[in-house]
Amino acid sequence: MDIWIRWCHKSSKCRHCGEQIEKHTPVVIGKLWIRSRRFFYIIRWHPQCWVDQGIAALPEYESPYTGKIPGTLSVNGEARSTHVVMSDEERLARKRLVGRWRQYRFRMRKAVEANNMEYVQVLVDKMRLVVEEIEKVGGVPNRWLEML
Ligand SMILES: [Zn+2]
């Protein structure tokens, strides 16, 4: 697969989280060639989703160095391995929450630019709810905690 990153010029669905990739934000493009380069599929991800799905797939290719991958999740402030056993439903719920968080974060940037503090407050409340929800399905990503 050929992979590159560019600005999104037409909003489309992310392969990983299923949420929209907003116009004019970065998008990772995967071009999957089939039948010796005669046809191809285009796959799109949020840049972070591309990283997430890659890291999530890593346990399937056990590290030859430690047999583990470094922890990036946090539960009650304690580092926890990303190699958390989750059911398919939990994994899906988690993906959706991550997608929602990204949407809110994107709107937040716009709201701050527009100096719409009322809407910023609404978004902060929504993001807090997402944090409460994701705590139940694998824990809060560390990078989120830095933003709260
Ligand atoms: Zn995504």
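Above this note sits the structure.
This one's a predicted model, so the numbers in the text were calculated from it and none came from an experiment.

Participant: Any chance you could explain unusual backbone geometry here in plain terms?
Facilitator: Trans peptide bonds make up the majority, and among non-glycine residues the majority have a negative phi. Despite not being glycine, H24 has its phi angle at roughly 70°, a positive value. Position of H24 relative to the elements: it lies in the loop between β3 (20–21) and β4 (26–34). Judged by the 9 C-beta atoms lying within 10 Å of it, H24 falls in the exposed class. For N115, which is not glycine, the phi torsion reads 55° and is therefore positive. Mapped onto the fold, N115 is located in the loop between α2 (88–113) and α3 (117–135). N115 gets classed as exposed once you count the C-beta atoms within 10 Å, which come to 8.

Participant: Please clarify how α2 should be interpreted in this entry.
Facilitator: For the α-helix, the turn length of 3.6 residues means that residues three or four positions removed from each other point alike. A rise of 1.5 Å per residue sets the reference length of α2, with its 26 residues, at 38 Å; its end C-alpha atoms lie 38 Å apart and thus fit the reference within 8%. Every buried residue of α2 is listed here: R94, K95, L97, V98, W101 and R102. Trailing α2 by a residue or two, N115 shows a phi angle of about 55°, which is positive.

Participant: For this particular structure, what's the right way to read the sheet that holds strand β5 (residues 39–45)?
Facilitator: Within a beta sheet, neighbouring strands are joined by backbone hydrogen bonds and run either parallel or antiparallel to one another. Taken in spatial order, the 3 strands line up as β1-β4-β5 in an open sheet, and their pairing is antiparallel. Because the sheet does not close on itself, it has two edges, and the strands there are β1 (2–7) and β5. Strand-to-strand twist in this sheet, taken as the mean axis angle between neighbours without regard to direction, amounts to 25°. Here 7 bridges tie β4 to β5, and the two strands are oriented antiparallel to one another. Opposite V28, over in β5, you have W45 as the bridge partner. Docked against the sheet, helix α1 (residues 47–57) engages β1, β4 and β5, running at close to 55° with respect to β4.

Participant: Sorry if this is basic, but what is going on with the nonpolar core here?
Facilitator: Within soluble globular proteins, side chains that are nonpolar tend to cluster in buried spots. Counting residues in hydrophobic clusters, the biggest one holds 14 residues, and the most contacted among them are C14, W45, C49 and L97. Only β4, α1, α2 and α3 provide two or more residues apiece to this core. Per element, the largest residue contribution to this core is 3 residues, and it comes from α2. The residue makeup of this core includes at least three contributed by each of domain 1 (1–67) and domain 2 (70–148). Discounting chain neighbours no more than four positions away, the residues touching W45 are C14, R15, H16, V28 and W50.

About the thresholds
Residues numbered from 1 in each chain as written. Predicted model: local features only at pLDDT ≥ 70, side-chain atom pairs only at ≥ 80, totals over all residues. Helix = DSSP H or I, 4+ residues; strand = E, 2+ residues; numbered from the N terminus. Buried ≥ 20, exposed ≤ 12 C-beta atoms within 10 Å, placed from the backbone. Expected span 1.5 Å × (residues − 1). Pairing = 2+ DSSP bridges. Axes fitted to C-alpha atoms, helices over the stretch in contact; angles between N-to-C directions. Contact = placed C-beta atoms within 7 Å. Core = buried A, V, L, I, M, F, W, Y, C linked by C-beta atoms within 7 Å. Domains from an automatic or database assignment.

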